[in-house]
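Residue-level listing of the chains:
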Amino acid sequence: MRRVAVIGIGDTEFGELWDSSFREIGIQAGLIAVADANISADKIDALFVGNMSAGRFIEQEHIGALIADYSGLARDHIPATRVEAAGASGGLALRQGFQAVASGLHDIVVVGGAEKMTDVSDTESSMIQSSAADQEWETVLGATFPALHALIARRHMHQFGTTREQLADVAVKNHKNGSLNPKAQFQREITRETVLSSPVVSSPLRVFDCAPSSDGAAAVVLCPLDQAKKYTDMPIEIAGSGQASDTLSLHDRKDICTMEATRVAAKRAFDMAGISHKDIDVAEVHDNFTISEILAIEDLGFFNKGEGGKATEAGLTALEGQVAVNTSGGLKARGDPIGATGLAQAVEIVTQLRGTAGKRQVKDATIGLAHNVGGTGATVVVHVLRRV
Amino acid sequence: MATAPRFWRENPSRYNLVGVECHNCGRHFFPPRSICPVCHRKSVGKMEKVKLKGEGKIFSLTEVQESPEEISMQKPYVLAMVELVEGARVSGQVIDCDACDLEIGTPVRVTLRKLSEEGPSGIIHYGYKFVPLKEKAP
Ligand SMILES: [Zn+2]
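Numbering of residues starts from 1 in every chain and runs along the sequence as written. Chains and ligands are labelled sequentially in the order written, the chains with letters from A and the ligands with numbers from 1. For this predicted model, a pLDDT threshold of at least 70 governs which residues receive local features, and a threshold of 80 or more governs which side-chain atom pairs are given and counted, while totals over whole chains, interfaces and linings are taken from all residues. For the side-chain quantities, the full set of heavy atoms in the structure was used; hydrogens and water were omitted.

Caption draft 1: Seen up close, the overall build of chain B. For chain B, the helix and strand inventory stands at three helices and eight strands. Per the convention used, a helix needs a DSSP run of H or I reaching at least four residues, while a strand needs a run of E reaching at least two, with both numbered from the N terminus. Ordered by position in the sequence, the α and β elements of chain B form the string α-α-β-β-β-β-α-β-β-β-β. What makes two residues a contact is simply this: any of their non-hydrogen atoms within 4.5 Å. Nonlocal contacts in chain B, meaning residues at least 24 apart in sequence, comprise 51% of its contacts between residues at least 6 apart. For the area figures, the Shrake-Rupley method with a 1.4 Å probe applies, and any residue is considered shielded solely by the protein chains shown. When the accessible surface of chain B is summed, it comes to about 7,600 Å², and 51% of that surface belongs to carbon and sulfur atoms.

Caption draft 2: Examining the environment of A:Thr317 more closely. The topology assignment puts A:Thr317 in the loop between α11 (308–313) and β10 (324–325). Once residues lying within four places of it in the same chain are set aside, the contact partners of A:Thr317 are A:Lys173, A:Glu293, A:Ile297, A:Phe303, A:Ala311, A:Thr312, A:Val323, A:Ala324 and A:Val325.

Caption draft 3: Structural context of the coordination of the zinc ion. Residue and element names in this part refer to chain B. As a rule, N, O and S atoms within 2.8 Å of a metal are its donors, except that Na, K and Ca use 3.2 Å; water is not among the atoms, so sites may look incomplete. Bound to the zinc ion on the protein side are Cys22 (SG), Cys25 (SG), Cys36 (SG) and Cys39 (SG), at distances that span 2.3 to 2.4 Å. Because the angles between the four donor atoms bound to the zinc ion fall within 104 to 115 degrees, the donor set is best described as tetrahedral. Donor residues binding the zinc ion come from one chain and are separated in sequence as C-x2-C-x10-C-x2-C. Residue cysteine 25 is found in the loop between β1 (18–22) and β2 (28–29), and its partner cysteine 36 is found in the loop between β2 and β3 (47–51); the two are separated by eleven residues along the sequence. Type-normalised accessible area, obtained with a 1.4 Å probe on protein chains alone, sets the label of each residue: buried when under 20%, exposed when over 50%, and partly exposed for intermediate values. A relative accessible area of 30% means that cysteine 25 is categorised as partly exposed. Judged by relative accessible area, cysteine 36 falls into the buried class, the value being 0%. Square planar and octahedral assignments, for four and six donors respectively, both demand that opposite donors be over 155 degrees apart and that all other angles lie between 65 and 115; tetrahedral needs four donors with all angles between 85 and 135 degrees, and anything else is irregular.

Caption draft 4: Expanded view of the interface of chain A and chain B. Taken together, the contact between chain A and chain B spans 27 residues of the former and 35 residues of the latter. Throughout, the accessible surface (probe 1.4 Å) given up by two parts as they are put together, summed over both, is called the buried area. Both sides of the chain A and chain B interface together cover about 2,800 Å² of buried area, and 58% of this is carbon and sulfur. Among the residues of chain A in contact with chain B, A:Trp137, A:Leu141 and A:His251 are the three that bury the most area, contributing 26% of the side total. In what follows, salt bridge is the name for a side-chain nitrogen of Lys or Arg lying within 4 Å of a carboxyl oxygen of Asp or Glu. Applying the counting rule to chain A against chain B returns two salt bridges. Here B:Arg14 and A:Glu136 are joined by a salt bridge, their closest N and O atoms 3.0 Å apart.

Caption draft 5: Summary view of the packing of aromatic side chains. Here is the rule: rings of Phe, Tyr and Trp (six-membered ring for Trp) pair when centre to centre is within 6.5 Å. Planes less than 30 degrees apart are stacked, more than 60 are edge-to-face, and the remainder are tilted. Taken as a whole, this structure holds four aromatic pairs over all chains when the rule is applied. Residues A:Phe145 and A:Phe289 carry aromatic rings whose centres are separated by 6.0 Å and whose planes lie at 65 degrees to one another, so their mutual orientation is edge-to-face. A residue pair is termed long-range when its members are at least 10 positions apart, and A:Phe145 in helix α6 (residues 145–160) and A:Phe289 in the loop between β9 (282–284) and α10 (290–299) qualify at 144 residues. When its relative accessible area of 5% is taken as the criterion, A:Phe289 is described as buried. Between B:Tyr128 and B:Phe130, the aromatic rings sit 6.3 Å apart at their centres with planes inclined by 65 degrees, giving edge-to-face as the arrangement. Each member of the pair B:Tyr128 and B:Phe130 is classed as buried.

Caption draft 6: Quick look at the nonpolar core. All names here are of chain A. The criterion is simple. A nonpolar core is a set of buried Ala, Val, Leu, Ile, Met, Phe, Trp, Tyr and Cys residues joined through side-chain atoms within 4.5 Å. Among the nonpolar cores identified, the biggest contains 61 residues, and Ile280, Ile291, Phe302, Val382 and Val384 are the most heavily contacted of them. Segmentation of the chain into domains, including their bounds, is taken from an automatic or database domain assignment. Two domains each donate at least three residues to this core, and these are domain 1 (4–121 + 215–236) and domain 2 (129–208 + 237–387). Contact partners of phenylalanine 302, with chain neighbours within four places excluded, come to His277, Ile280, Ala283, Ile297, Gln322 and Val323. One finds Ile9, Val101, Val220 and Ala324 within the second-largest nonpolar core, a separate group that totals 38 residues.

Caption draft 7: Molecular detail of α6(A). All names here are of chain A. How far a helix is expected to stretch is found by multiplying one less than its residue total by 1.5 Å. Under the 1.5 Å per step criterion, the end-to-end length of α6 is 23 Å for 16 residues, consistent within 8% with the ideal 22 Å. Taken together, the buried positions of α6 are occupied by Phe145, Pro146, Ala147, Leu148, His149, Ala150, Leu151, Ile152, Ala153, Arg155 and His156. Here a polar contact means two N or O atoms within 3.5 Å. Within protein one must be a hydrogen donor candidate and the other an acceptor candidate, and residues neighboring in sequence count only if both atoms are side-chain atoms. The opening residue of α6, the one whose side-chain oxygen lies 3.0 Å from the backbone nitrogen of alanine 147, is threonine 144.

Caption draft 8: Geometry of the sheet that holds β3(B). All names here are of chain B. Strands sit in the order β2-β1-β3 across an open sheet of three strands; the sheet is antiparallel. With one partner strand each, in any of the chains shown, β2 and β3 form the two edges of the open sheet. Strand pairing follows a simple DSSP-based rule, namely that at least 2 bridges must link the two strands. Where β1 and β2 come together, two bridges link them in antiparallel fashion. The residue bridging valine 20 from the neighbouring strand is phenylalanine 29, located in β2.

Caption draft 9: Local environment of the pattern of salt bridges. Residue and element names in this part refer to chain A. If you walk through the whole model with that rule in mind, you get 22 salt bridges over all chains. Of the charged contacts, one joins lysine 173 and glutamate 293 as a salt bridge, the two residues approaching to 2.8 Å between their closest N and O atoms. Pair noted here: lysine 173 is in helix α7 (residues 164–178) and glutamate 293 is in helix α10, with a separation of 120 residues, a long-range link. Using a relative accessible area of 10% as the deciding quantity, one classes lysine 173 as buried.

Dropping the structure here:
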């Protein structure tokens, strides 16, 4: 297997981008990444695109060919593949690109992720998001996507004494980080009170516990590590890639307070990279709900099971903490254009490892991690990135 | 919107809580599945449909304030994850109760109710919900 490097990154602003179409934001991120990698279009061997549900959000399927076409690559006839695993679509597309380069099949691969969520009503958008859960045995019976995460939150509070305030602290921290990210959807700091006085969506979760609907795209350019210096002075290696699956329905899990697929995917990524969780300086984790970040920082091994809430409250996941978590603002504040999220995480980690994150830079960040979840944990993809 | 057969074909399980028992290991699953995730190939042909008792305890719960239009006429409603006495867990609404009286561990039993009404055609879907088991007065 060849070692693989990220040589270019690009992302759009995240938010309600009324003026931009899906294809516009999709190619915008790709163009920035290709310019960053300093490559010409004829060098691109293949394209992978993470996208959850363009068919329902904009009634357009066949996303791989669409993005290749509008990127001006139709006459080059490159393989263009759309990848779907609900919320983990972007991370999984990155893994497909990684595999293509690692295997020797392709040299230069562009991996993008995009979602256009605001062309449908809020109700329609939440129904589409719920389709990541089991439509027949969860959604039909009244289990919305927030409700499923509320079940996890309630159980976590019951089992470990996690408090409502600790959940709020996740949102407060991520909004603070978002305020330092010029591309974040929300760049305004909030307080515990903001979260605790926002309307209840599904108890105990409130509006400010939930990531927003967003439009946006992000992309990276990959190549073999031994060719990376041709394109950039600062290649970032994808040192480990792990993927795991679990039951589609939350109720079929042995323990709903542990995302087993996170533990397994992380172990696979750590083993490939030859590191442990202790080596991670900066992590982007899948905080589609505040409770999700608490599970993630436990299941990735940063904190013991049940202590994620306390660790957050104590500031251990802040920019200056033991491990900086969601420096971009996370899904919560940077925004969550579903298929783009896994790539946006990679873009943030590469930015941190390059040392170009500006006001939100983590000092001496050397090894970073991206954790991307589909559904309530039925697919998890973890990548370990490293400065070389 | 889905066509009616998509809903009908699941009626035995939605109306009568029909699950399966793996005759290799004795575990129960709901809804029916043809392969036991513990026994794998050894379970093929040994997964027998069984009607579950419909009794269990609340494993976790939430009061849903915001929900899709189809079921929004009922909101707010309580959604619970129920651990059935056979060991399988299911998700479903808890009704005929005050949300405040429910907690993790509250015993419930299944009941057949209207789940949702579909658009202007007015097709009404039925399925299982749960009601709290009342403690007998002393
Ligand atoms: Zn079995």
